[in-house]
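Here is how the chains run, residue by residue.
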Amino acid sequence: MDTLADEYLNGVVAQMMSYGERVQFSLISGEKPNYQVINTFDKKMAFNGNHHLTQPQEDEFAGSNATPVFTLEQIKTREAAVAIKKTASTRTARVSTRSSPAAAKVGDLIDVQKYEYFKNNVQKLPEGIRAYSQEVSNLMKNGMSAEAAFSQVVQQHF
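Reference entry: report on the structure contained in this document.

Definitions and cut-offs
- Residue numbers here run from 1 along each chain, matching the order of that chain's written sequence.
- Confidence filtering applies because this is a predicted model: local features only for residues at pLDDT of at least 70, side-chain atom pairs given and counted only at 80 or more, and all residues used for totals across whole chains, interfaces and linings.
- To obtain the side-chain values, all non-hydrogen atoms of the structure were included, while hydrogens and water were left out.
- Pairing between two strands requires that DSSP report at least two bridges joining them.
- Working definition: helices are DSSP H or I runs of at least four residues, strands are E runs of at least two. Numbering for both runs from the N terminus.
- Here, residues are in contact when the closest pair of their heavy atoms is within 4.5 Å.
- Angles shown run from 0 to 180 degrees and are taken between the N-to-C directions of axes, each axis being a line fitted to C-alpha atoms and, for helices, limited to the stretch in contact.
- Remark: nonpolar core denotes a set of buried residues (Ala, Val, Leu, Ile, Met, Phe, Trp, Tyr, Cys) joined through side-chain atoms within 4.5 Å.
- Here's how the labels work: a residue is buried when its accessible area is under 20% of the maximum for its type, exposed when over 50%, partly exposed in between, all with a 1.4 Å probe on protein chains only.
- Any two of the Phe, Tyr and Trp rings considered here, Trp counted by its six-membered ring, make a pair once their centres fall within 6.5 Å; the pair's planes then place it as stacked at under 30 degrees, edge-to-face at over 60, or tilted in between.

Looking at the sheet that holds strand 1 (residues 22-25)
Within a sheet, neighbouring strands are paired by backbone hydrogen bonds and run either parallel or antiparallel to one another. In spatial order, the strands read 3-2-1-4; together these 4 strands make up an open sheet with antiparallel pairing. A strand with exactly one partner marks an edge of an open sheet, and here the two such strands are strand 3 (44-47) and strand 4 (70-71). One ladder, built from 4 bridges, connects strand 1 with strand 2 (residues 35-38); its direction is antiparallel. Across the sheet, phenylalanine 25 pairs through a bridge with tyrosine 35, a residue of strand 2. Where helix 1 (residues 6-19) meets the sheet, it contacts strand 1, strand 2, strand 3 and strand 4, and its direction lies at approximately 30° from that of strand 2.

Spelled out as C-alpha cells, the structure:
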C-alpha cells in the first residue's frame, strides 16, 4: 500500500464510491495492481490498474496473491497519508535536521495541520501572527490542536 500513487488511489476511491465499500488488491499485477471492489452483498467487480473492468485470473485474489480487504475509510486514510508524504517531501531540508524518522513524521503532520488551519482562517487571524509560528508549533507538539494553539498565541500576544 505504501507504494501506491495518490492518482491511482483516487481512481480506486472513485470506483469504490460507485460500486462498493470494500476493496482488495492483487499482489501479482504490478505497480498499478488490479483490484476488486466488494459491495454489501459480497458481489465483486474486478478492475485493472487503469480502473477499467477486467476478468481476474482464477487465483488472483486468493491467499497470498492478494492483500487483506480494506474499507473505503481505510483507503481514504491511506490517501490522506500519501498526500501528507507528498507535502513533507517538499520540505526535505527541514526534515533532515530532525533527530529521527518518527520525529520527522510528527513534525510534518504538525506543519500540515498548522498550515491548513492558517490557510482556512487567515482572514480571522491578526496581522503579525506569522512571527509566532514556532510557538504555535511547540504548543501543537505538546498536544494542542491547531485551533487551540493559535487561540492561545492570539490571547497571549494580541
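Description of the nonpolar core
In terms of nonpolar packing, the biggest core is built from 15 residues, with Tyr8, Val12, Met16, Val23, Phe25, Tyr35 and Ile75 touching the most fellow members. Mapped onto this core, the elements with two or more residues apiece are helix 1, strand 1, strand 2, strand 3 and helix 2 (72-89). Here the element with the most residues in this core is helix 1; it accounts for 5 residues. Apart from residues lying up to four places away in sequence, tyrosine 8 is in contact with Phe25, Lys32, Pro33, Tyr35, Gly49 and His51. Phe118, Leu125, Val136 and Val153 belong to the second largest nonpolar core, which has 12 residues in total.

A few points about the packing of aromatic side chains
Here the structure, examined in full by the defined rule, presents 8 aromatic pairs. Residues tyrosine 8 and phenylalanine 25 carry aromatic rings whose centres are separated by 6.3 Å and whose planes lie at 45° to one another, so their mutual orientation is tilted. One end of the pair, tyrosine 8, is in helix 1; the other, phenylalanine 25, is in strand 1, with 17 residues separating them in the sequence. Under the relative-accessibility criterion, tyrosine 8 is labelled buried at 3%. Taking the centre distance of 6.1 Å and the plane angle of 50° together, the rings of phenylalanine 25 and tyrosine 35 count as tilted. Of this pair, phenylalanine 25 sits in strand 1 while tyrosine 35 sits in strand 2, placing them 10 residues apart in sequence. Across this residue pair, the class does not change: phenylalanine 25 and tyrosine 35 are buried. Feature note: the residues Tyr8, Tyr19, Phe25, Tyr35, Phe47 and Phe70 constitute an aromatic cluster, connected by ring pairs.

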